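So the chains spell out like this:
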Amino acid sequence: RPVERPNNEIVIRGPQEAFNEILRTCTAQIRKRLKDEDLIVEDITVGIVSKTTCSMLYIKDVANEKLVDETRRRLENINVEYMLDSGALEQLIEDDSIFPSPQAISTERPDFVSEMLSNGRVAIVVSGSPVVLVVPVTAFDLMHSAEDLYIRYPYVNLLRYIRYAAL
């Protein structure tokens, strides 16, 4: 499947590209936006039988080393036979499955992942899944829309205020 428009996170202004199921295409889309020599892509194999390749992305000296080490540890300690999707991976790496709020952001937008990486987050790309996970997530991130990057700051603040009031 080629690179297409996002299905779930549609924006009026901004890039009209979404991830697809090919791991190297996904990481290339992120590299296309983040032309940083310190962008690190580490491949980790998950799944005893499936041997699914997952890529952990972060920017060296921007992301907290403890966060990177903890993410790497969680990925390496997953003990399942098959890893087929990022949704299953998200459940396996989260702290507590009873916690009502998400502990990772799942997105199909390379521009949003690039923004999060530049803010010190870690992204996890799963081969065969068009959705990328970004950890950790904060309450502010959950009130963020993909459109926010492309709208003037005063209007974004108004929209966020409305989102908080609606919550």
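See the structure shown above.
Residues numbered from 1 in each chain as written. Predicted model: local features only at pLDDT ≥ 70, side-chain atom pairs only at ≥ 80, totals over all residues. Heavy atoms only, no water.

### A short note on the side chain of Arg72
Looking at the secondary structure, you find Arg72 in helix 2 (residues 65-76). A distance of 2.9 Å separates polar atoms of two side chains, one belonging to Arg72 and the other to Asp69. Filtering out sequence-adjacent residues up to four positions away, Arg72 remains in contact with Glu42, Ile44, Met56 and Tyr58. (Helix = DSSP H or I, 4+ residues; strand = E, 2+ residues; numbered from the N terminus. Polar contact = N/O pair within 3.5 Å; in protein donor to acceptor, adjacent residues only side chain to side chain. Contact = heavy atoms within 4.5 Å.)

### Remarks on the sheet that holds strand 1 (residues 39-46)
Strand order in this open sheet of 5 strands is 1-2-4-5-3, and the pairing throughout is antiparallel. Looking at the sheet topology across the chains shown, the edges are occupied by strand 1 and strand 3 (105-107). When the angles between neighbouring strand axes are averaged without regard to direction, this sheet yields 25 degrees. The pairing of strand 3 with strand 5 (residues 132-135) spans 3 bridges and is antiparallel. In the sheet register, Thr107 faces strand 5, and the bridge partner there is Val132. In this fold helix 2 packs onto strand 1, strand 2 (52-59), strand 4 (122-126) and strand 5, with an angle of close to 175 degrees to the strand it touches most, strand 2. (Pairing = 2+ DSSP bridges. Axes fitted to C-alpha atoms, helices over the stretch in contact; angles between N-to-C directions.)

### Quick word on a negative patch on the surface
Taken together, Glu37, Asp38, Asp61 and Glu65 make up a surface patch of like negative charges. Along the chain, Glu37 turns up in the loop between helix 1 (23-33) and strand 1. (Patch = residues over 30% accessible without salt bridge, like charges linked within 9 Å, V, L, I, M, F, W, Y side chains within 5 Å. Areas by Shrake-Rupley, 256 points an atom, 1.4 Å probe, with all protein chains shown as cover. Salt bridge = Lys/Arg side-chain N within 4 Å of Asp/Glu carboxyl O. Lys, Arg positive; Asp, Glu negative; His and termini not counted. Charge placed at Lys NZ, Arg CZ, Asp CG, Glu CD.)

### Describing the packing of helix 1 against helix 4 (residues 110-118)
Angle between the axes and distance between the axes are the two parameters that describe a pair of packed helices. Following both chains from N to C, one finds helix 1 and helix 4 inclined at 60 degrees, their axes separated by 9 Å at the closest point. The angle between helix 1 and helix 4 falls in the class oblique. In this structure, helix 1 crosses over helix 4, and the sense of that crossing is right-handed. Side by side, helix 1 and helix 4 meet where Gln29, Ile30 and Arg33 of the first sit next to Pro110, Asp111, Val113, Ser114 and Leu117 of the second. Taken together, the residues of the contact of helix 1 with helix 4 break down into 4 nonpolar, 2 polar and 2 charged. (Parallel < 35°, antiparallel > 145°, perpendicular 65-115°, else oblique. Left-handed = near helix turned anticlockwise from the far one by under 90°. Nonpolar A, V, L, I, M, F, W, Y, C, P; charged D, E, K, R; others polar.)

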